[in-house]
Every structure is written in structure tokens, then in C-alpha cells.
Amino acid sequence: MYKITKKPFGYHLELGGFIEPAEMQKWVEESKATLTGQSGNFGVFVDMRNLKPLPPDSQHYMQEGQKLYKEKGMQRSVVILNDKITTMQFKRIAKETGIYNWERYIDASSNANWQKDGEDWIVSGKDPD
């Protein structure tokens, strides 16, 4: 399951459940359409609290999507997670795609202020770490 929503700071993405490669590919295509005409820098808030670890073929599409958002002007992103395995997976993917330095990870299970801390990072660069 995924959802893309335009916000004043940029984009809010929600990914949850077990995402098969076909659905992940559909997310990339919808992201391309959503980002058409995007100009200037923006932030991305990614809520993955309910996402299961991605299978290898889905990871390929996630990498493609991350590169797309960065190419279109993503300045900062924050990823909200609840699962240590998924967190490790997404840190590795971000390093492989070159967005790691612009991305922050917040464990919602241990941070009650995850929403505010995430938006503070995106909007004003206040590091949640």
C-alpha cells in the first residue's frame, strides 16, 4: 500500500504492508507523474511505520524512486519507521542511491514527537538526531 500527497513543504509519502514489485513499480510511475513540472527544492516526509521489509525486486524500484525525487529537487527527507530491520534496509538503500546525507530516520516506537521532529527537519533543517 502506498499514498502520495502534496504538502506545503513538498510531499508526504505513506508506504505500508508488504509491497510486491508490481506495486512498487506503480509507485515509481505515479511519483513520476506527480513530480512532472516540479520546480525548486522540496522536502519529503515518508511514513513507513507499517511497512514490512522489501523483497529484492521491490528494493530496485525504491532505489529508482529515491533517485527520481532527488533529481527533481528533494532537498531533505525524513523516514518514520518502527522496525529495526526495515530501518537498516532503508539506510543501506539510501547509501546506495546517494541520498543518505539528506535523509534522517526517526524510530516512532521510541519518539512520541516523530511527526513534529520530522517536519522540523524538512522545513527548517533542525536535525532530529
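Here's a quick rundown of the structure. (Residues numbered from 1 in each chain as written. Predicted model: local features only at pLDDT ≥ 70, side-chain atom pairs only at ≥ 80, totals over all residues. Heavy atoms only, no water.)

Burial analysis of strand 2 (residues 10–17) places six of its eight residues in the buried class, which makes it a mostly covered element. In this view, the connection linking strand 2 to its parallel neighbour strand 3 (residues 42–51) by way of helix 1 (residues 21–35) has right-handed handedness. (Buried < 20%, exposed > 50% of the residue type's maximum accessible area, 1.4 Å probe, protein only. Helix = DSSP H or I, 4+ residues; strand = E, 2+ residues; numbered from the N terminus. Right-handed = clockwise from strand over helix to strand, strands pointing away.)

Bringing the pattern of salt bridges into the picture now. The final tally for this structure, using the stated rule, is six salt bridges. In this structure, K32 and E29 form a salt bridge, with 3.6 Å as the shortest nitrogen-oxygen distance. In this pair, K32 and E29 are both assigned in helix 1, three residues apart and thus about one turn of the helix distant. Note on K32: relative accessible area 34%, which makes it partly exposed. Under the relative-accessibility criterion, E29 is labelled partly exposed at 41%. Linked through salt bridges whose partners overlap, the residues forming this network are E29, K32 and E64. (Salt bridge = Lys/Arg side-chain N within 4 Å of Asp/Glu carboxyl O.)

On to the environment of V123. Tracing the chain through its elements places V123 in helix 4 (residues 114–124). Taking relative accessible area as the criterion, V123 reaches 57% and is therefore assigned exposed. Taking the C-alpha atoms as reference points, V123 and F9, separated by 114 residues in sequence, lie 6.3 Å from one another. Sequence-distant contacts of V123, defined by excluding residues within four places in its chain, comprise F9 and R76. (Contact = heavy atoms within 4.5 Å.)

Before going further, it helps to examine the side chain of R104. Its place among the elements puts R104 in strand 5 (residues 103–107). Take R104: its relative accessible area is 15%, and that puts it in the buried class. Once you skip the residues sitting within four places of it in the chain, R104 turns out to touch S77, V78, V79, W121, D127, P128 and D129.

Right, let's get into the pairing of strand 1 (residues 2–7). Judged from the six bridges that link them, strand 1 and strand 2 form a sheet pairing that is antiparallel. By the bridge assignment, K6 is partnered in strand 2 with Y11. Linking strand 1 back to strand 2 in an antiparallel pair, the connection comprises two residues. (Pairing = 2+ DSSP bridges.)

By the definition in use, this model includes one cavity of 30 Å³ or more. Considered as a void within the structure, the largest cavity measures approximately 120 Å³ in volume. In this structure, the largest cavity is lined by 15 residues; those nearest its centre are L13, V46, M62, Q66 and E103. Residue assignment for the lining of the largest cavity shows that the elements contributing at least two residues are strand 2, strand 3, helix 2 (56–71) and strand 4 (74–81). (1 Å grid on protein atoms, 1.4 Å probe; cavity = no way out; pocket = protein on both sides within 12 Å on 5 of 7 lines; lining within 4 Å. Points joined across faces, edges and corners; volume = space filled by probe spheres on them.)

Geometry of a packed helix pair, given as the angle between the helix axes and the separation of the axes. Following both chains from N to C, one finds helix 2 and helix 3 (residues 84–97) inclined at 55°, their axes separated by 10 Å at the closest point. The angle between helix 2 and helix 3 falls in the class oblique. Considering how the two elements wind past one another, helix 2 and helix 3 form a crossing that is right-handed. Contacts from Q59, M62, Q63, Q66 and K67 in helix 2 reach Q89, F90, R92, I93, A94, E96 and T97 in helix 3. (Axes fitted to C-alpha atoms, helices over the stretch in contact; angles between N-to-C directions. Parallel < 35°, antiparallel > 145°, perpendicular 65-115°, else oblique. Left-handed = near helix turned anticlockwise from the far one by under 90°.)

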